[in-house]
Amino acid sequence: MDNIRERLKDVKDEISETAIKFGRNPEEITLIAVSKKKSVETIINAINSGIEILGENYIQEAVEKIEAINQIFVEQPNNIDRNLITTDKKAIWHFIGHLQSNKAKIAVKYFDLIHTVDSLKLAQEIDRQAEKIGKIQNILIQINISEEETKSGTDAEDAICLAESISHLKHVSLKGLMGMPPFFDAPEMARPYFRKLAKIKDVIKRKAIPKIFMEELSMGMSGDFKVAIEEGATMVRIGTSIFGSR
Ligand SMILES: *Cc1c(COP(=O)(O)O)cnc(C)c1O
């Protein structure tokens, strides 16, 4: 399990080295440790090792784990062995899986950033649920850069229109875009897809839509994060390289 600490250090070093190599500030790049299918014990280990942001894909699984971990942190220090946690830093959670509108309420309750907003309907439901609890929910628009039928995300052509519509929602704050290339063995093959996503971000940014920030580009996973950083990623979502295979 202590492997996590070593793997995390390797990943962070690789992120920094890649950033510097391509003239970017390493601090611009946020690491999201993807913990789907990993146990509460493993995640606690990761938090103790210095992971600050965790990414989850499945609402039900995520809620169970977040509740368990929050309890250990704050709620019942006398009942649960607080020694399990060796840091005071409370983890931040990002939702990176496909989100159905009927789960928006739960996502808004538990997640700081939702990476996968792909329709106005979903954005409106998030807005409605966020208003109820007095929250401004940070979101990204997921773009279907791979143009595969089965992949989720909005079509690139619709992204500007969706961003403009979202700008009218008072309890949602659009921070940028997320995308996933098709799966390739060679990371270099992903480059045109990352470039395309970065370009869409720039186009939307140049529209200067009021209240739309467009600073974040969530792209790059274990196999291809270096290429993603070279192409402008500000958030990399890394599971396997930190936690091992699933
Ligand atoms: C699982 C997953 C990741 C992490 O993938 P790894 O290859 O394990 O690094 C990143 N993003 C999304 C959306 C995922 O579903």
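Here's a quick rundown of the structure. Keep in mind the model is a prediction, meaning the values are calculated, not measured.

### Notes on the overall build of the protein
Part 1 of the reasoning: Looking only at helices and strands, one finds nine helices and eight strands in the protein.
Part 2 of the reasoning: Radius of gyration (C-alpha) of the protein: 18 Å, near the 18 Å computed for a compact globule of 246 residues.
Part 3 of the reasoning: Taken along the three principal axes of its C-alpha coordinates, the protein extends 50 × 45 × 30 Å.
Part 4 of the reasoning: Each of the 246 residues in the protein was classed as buried or not, and the buried ones make up 51%.

### Notes on the site of the ligand
Part 1 of the reasoning: Around the ligand there are 13 residues in total, and Lys-36, Asn-57, Ser-222, Gly-239 and Thr-240 lie nearest to it.
Part 2 of the reasoning: Separating an oxygen atom of the ligand from a side-chain N or O atom of Thr-240 is a distance of 2.5 Å.
Part 3 of the reasoning: Spatially, the ligand is embedded in the largest pocket.
Part 4 of the reasoning: Of the residues contributing to the shell around the ligand, the split by class is six nonpolar, four polar and three charged.

### Notes on the environment of Ala-156
Part 1 of the reasoning: Within the secondary structure layout, Ala-156 lies in the loop between strand S5 (137–143) and helix H6 (159–166).
Part 2 of the reasoning: Once the C-alpha coordinates of Ala-156 and Val-34 are considered, the two residues, 122 residues apart in sequence, prove to be 25 Å apart.
Part 3 of the reasoning: For Ala-156, the residues in contact, after removing those within four places along its chain, are Ile-143, Lys-196 and Ile-200.

### Some remarks on the layout of surface pockets
Part 1 of the reasoning: A volume near 640 Å³ is recorded for the largest pocket.
Part 2 of the reasoning: If you trace the largest pocket, you find 30 residues lining it, with Lys-36, Met-180, Met-221, Arg-237 and Arg-246 closest to the centre.
Part 3 of the reasoning: Considering only residue class, the lining of the largest pocket consists of 14 nonpolar, ten polar and six charged.
Part 4 of the reasoning: Of the pockets and cavities examined, the second largest pocket occupies roughly 230 Å³.
Part 5 of the reasoning: For the second largest pocket, the lining is made up of 13 residues, of which Lys-12, Ile-29, Thr-30, Leu-31 and Glu-52 are closest to its centre.
Part 6 of the reasoning: At the level of secondary structure, the elements contributing two or more residues to the lining of the second largest pocket comprise helix H1 (3–21) and strand S1 (30–34).
Part 7 of the reasoning: The dominant element in the lining of the second largest pocket, judged by the number of residues it contributes, is H1, at four residues.
Part 8 of the reasoning: Taken together, the residues of the lining of the second largest pocket break down into eight nonpolar, three polar and two charged.

### Observations regarding a negative patch on the surface
Part 1 of the reasoning: A contiguous patch of negative charge on the surface is contributed by Glu-149, Asp-155, Glu-157 and Asp-158.
Part 2 of the reasoning: Mapped onto the fold, Glu-157 is located in the loop between S5 and H6.

### A closer look at H6
Part 1 of the reasoning: If you check which residues of H6 are buried, you get Ala-159, Leu-162, Ala-163 and Ile-166. All buried residues of H6 fall inside an arc of 100° around its axis, so they share one side.
Part 2 of the reasoning: Of the surrounding elements, those touching the buried residues of H6 are strand S4 (113–117), helix H5 (120–132), S5, strand S6 (172–179) and helix H7 (191–206).

### Thoughts on the pattern of salt bridges
Part 1 of the reasoning: Here the structure, examined in full by the defined rule, presents eleven salt bridges.
Part 2 of the reasoning: Among the salt bridges present, the one from Glu-125 reaches Arg-128, with a minimum N-O distance of 3.0 Å. Pair noted here: Glu-125 and Arg-128 are both in helix H5, with a separation of three residues, about one helical turn.
Part 3 of the reasoning: Relative accessible area serves as the criterion here: at 45%, Arg-128 is assigned to the partly exposed category.

Scoring rules and cut-offs
- Residues numbered from 1 in each chain as written.
- Predicted model: local features only at pLDDT ≥ 70, side-chain atom pairs only at ≥ 80, totals over all residues.
- Heavy atoms only, no water.
- Helix = DSSP H or I, 4+ residues; strand = E, 2+ residues; numbered from the N terminus.
- Rg over C-alpha atoms; globule rule 2.2 N^0.38 Å.
- Buried < 20%, exposed > 50% of the residue type's maximum accessible area, 1.4 Å probe, protein only.
- Near = heavy atom within 4 Å.
- Polar contact = N/O pair within 3.5 Å; in protein donor to acceptor, adjacent residues only side chain to side chain.
- 1 Å grid on protein atoms, 1.4 Å probe; cavity = no way out; pocket = protein on both sides within 12 Å on 5 of 7 lines; lining within 4 Å.
- Sits in = over half its atoms within 2 Å of the grid points.
- Nonpolar A, V, L, I, M, F, W, Y, C, P; charged D, E, K, R; others polar.
- Contact = heavy atoms within 4.5 Å.
- Points joined across faces, edges and corners; volume = space filled by probe spheres on them.
- Patch = residues over 30% accessible without salt bridge, like charges linked within 9 Å, V, L, I, M, F, W, Y side chains within 5 Å.
- Areas by Shrake-Rupley, 256 points an atom, 1.4 Å probe, with all protein chains shown as cover.
- Salt bridge = Lys/Arg side-chain N within 4 Å of Asp/Glu carboxyl O.
- Lys, Arg positive; Asp, Glu negative; His and termini not counted.
- Charge placed at Lys NZ, Arg CZ, Asp CG, Glu CD.
- Arc of directions from axis to C-beta.

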